[in-house]
Amino acid sequence: MKRIPLILTLLLLITIGTLPAIDVGISVGTFDARPQGGMVEEGIHVQMGLVTGFASRWEVETFVVTQASPKPIGNLMGGGAISFALMGPVYSHSAVGEIPPYGNAYLSLGFMGNPVDGSSYGPFLRINPISAGGPQFKLRERGATTGIYYNIATDSVTIFWNIFLLDFYL
């Protein structure tokens with residue numbers, strides 16, 4: 001239980017530590033899963049966070065998932081992920097000479113949990129098959145993201161999805 005805040009703090013520090021060197025995006029989107037899995041309650045959920053790259057194909061993301069209705073700011077979860085771009089580089093580095101494509105796909109591995117009561121926490125694997133844009137366009141749209149989450153507290157598996165995520169790069 002005490003490891004969850006430590007892991008989330010480390011992911012946040014890694015993200016904040018890389019801010020001056022590279023592109024940073026503010027991420028906003030939807031989040032949902034079946035309530036029977038114990039991960040979320042019935043209702044509409046939103047995901048907000050930060051995303052930043054640390055290599056041409058690698059990026060780290062920290063996020064918060066919360067219920068938008070019927071209880072705003074209810075059912076709080078936090079997490080982080082490390083993602084790999086499958087179709088090409090996302091962040092251009094002049095030394096490498098790679099030019100990022102407009103479309104891409106991502107595979108992510110991460111950890112999320114409920115920091116308030118510790119009722120759910122565990123690792124997840126996520127695939128994002130549709131992505132358009134990137135830091136060079138100041139906007140990226142990610143769609144049809146699907147993931148599988150293992151809840152250590154309840155020893156259960158839940159499938160979750162994001163219909164869309166928008167990343168606004170600063």
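Now for a look at the structure at hand.

Our next topic: the nonpolar core. With 12 residues, the main nonpolar core is built from Phe-31, Ala-33, Met-39, Val-40, Phe-63, Val-65, Met-77, Ala-81, Met-112, Phe-124, Tyr-149 and Phe-160. Sorting the residues of this core by element identifies strand 1 (24-33), strand 3 (58-69) and strand 4 (74-85) as the ones contributing at least two each. Dropping the residues within four chain positions of it, Phe-63 is found in contact with Gln-47, Met-48, Gly-49, Met-77, Gly-78, Gly-79, Gly-80, Met-112, Phe-124 and Arg-126. Counting six residues, the second-largest nonpolar core is a separate cluster that includes Val-51, Ala-85, Tyr-91 and Tyr-169.

Right, let's get into the packing of aromatic side chains. Any two aromatic rings considered together are summarised by their centre-to-centre distance and by the angle between their planes. Within this structure, the stated rule accounts for five aromatic pairs. On the numbers, 5.1 Å between centres and 80 degrees between planes, the contact of Tyr-102 with Phe-137 is edge-to-face. You can see Tyr-102 sitting in the loop between strand 4 and strand 5 (103-113) and its partner Phe-137 sitting in the loop between strand 6 (121-134) and strand 7 (139-151), a full 35 residues away along the chain. Members of the aromatic cluster, joined through ring pairs, are Phe-31, Phe-63, Phe-124 and Phe-160.

Turning our attention to unusual backbone geometry. Here the amide bond leading from Ser-69 into Pro-70 is cis, since omega sits at 5 degrees, within 30 degrees of zero. Even without being a glycine, Lys-138 presents a positive backbone phi close to 65 degrees. Its location among the elements puts Lys-138 in the loop between strand 6 and strand 7. Judged by its relative accessible area of 46%, Lys-138 is partly exposed. Its identity as a non-glycine residue notwithstanding, Asp-155 has a phi of 50 degrees, on the positive side. When you line up the elements, Asp-155 lands in the loop between strand 7 and strand 8 (156-169).

This part covers the side chain of Asp-167. With respect to the helices and strands, Asp-167 occurs in strand 8. Polar side-chain contacts of Asp-167 include one of 2.7 Å to the side chain of Arg-140. Within the structure, Asp-167 has its side chain in polar contact with the side chain of Arg-142 (distance 2.9 Å).

Among the structural elements, Asn-128 can be located in strand 6. You can call Asn-128 buried: its relative accessible area is 3%. From its side chain, Asn-128 meets the backbone oxygen of Gly-143 in a polar contact 3.1 Å long.

Here we take up the pairing of strand 7. Pairing of strand 6 with strand 7, which is carried by nine bridges, proceeds in the antiparallel orientation. Bridge pairing in strand 7 places Phe-124 opposite Tyr-149. Where strand 6 folds back onto strand 7 in an antiparallel hairpin, the turn is made up of four residues, including Lys-138, whose phi is positive at roughly 65 degrees. Summarising the sheet, strand 7 and strand 8 pair through 12 bridges and their orientation is antiparallel. Counterpart to Glu-141 in the pairing with strand 8 is Leu-166. Remark: four residues form the turn of the hairpin made by strand 7 and strand 8, two consecutive strands paired antiparallel; Asp-155 in that turn has positive phi of roughly 50 degrees.

Right, let's get into the sheet that holds strand 8. Taken together, the eight strands give a closed barrel; going around it, the order is 1-2-3-4-5-6-7-8, and neighbouring strands pair in antiparallel fashion. Shown here is a sheet whose adjacent strand axes are inclined to one another by a mean of 25 degrees, direction ignored. Examined bridge by bridge, strand 1 and strand 8 share seven bridges and lie antiparallel to one another. Of the residues in strand 8, the one forming a bridge with Gly-29 is Leu-165.

Calculation notes
- Residues numbered from 1 in each chain as written.
- Predicted model: local features only at pLDDT ≥ 70, side-chain atom pairs only at ≥ 80, totals over all residues.
- Heavy atoms only, no water.
- Core = buried A, V, L, I, M, F, W, Y, C linked by side-chain atoms within 4.5 Å.
- Buried < 20%, exposed > 50% of the residue type's maximum accessible area, 1.4 Å probe, protein only.
- Helix = DSSP H or I, 4+ residues; strand = E, 2+ residues; numbered from the N terminus.
- Contact = heavy atoms within 4.5 Å.
- Phe/Tyr/Trp six-rings, centres within 6.5 Å; stacked < 30°, edge-to-face > 60°.
- Polar contact = N/O pair within 3.5 Å; in protein donor to acceptor, adjacent residues only side chain to side chain.
- Pairing = 2+ DSSP bridges.
- Axes fitted to C-alpha atoms, helices over the stretch in contact; angles between N-to-C directions.

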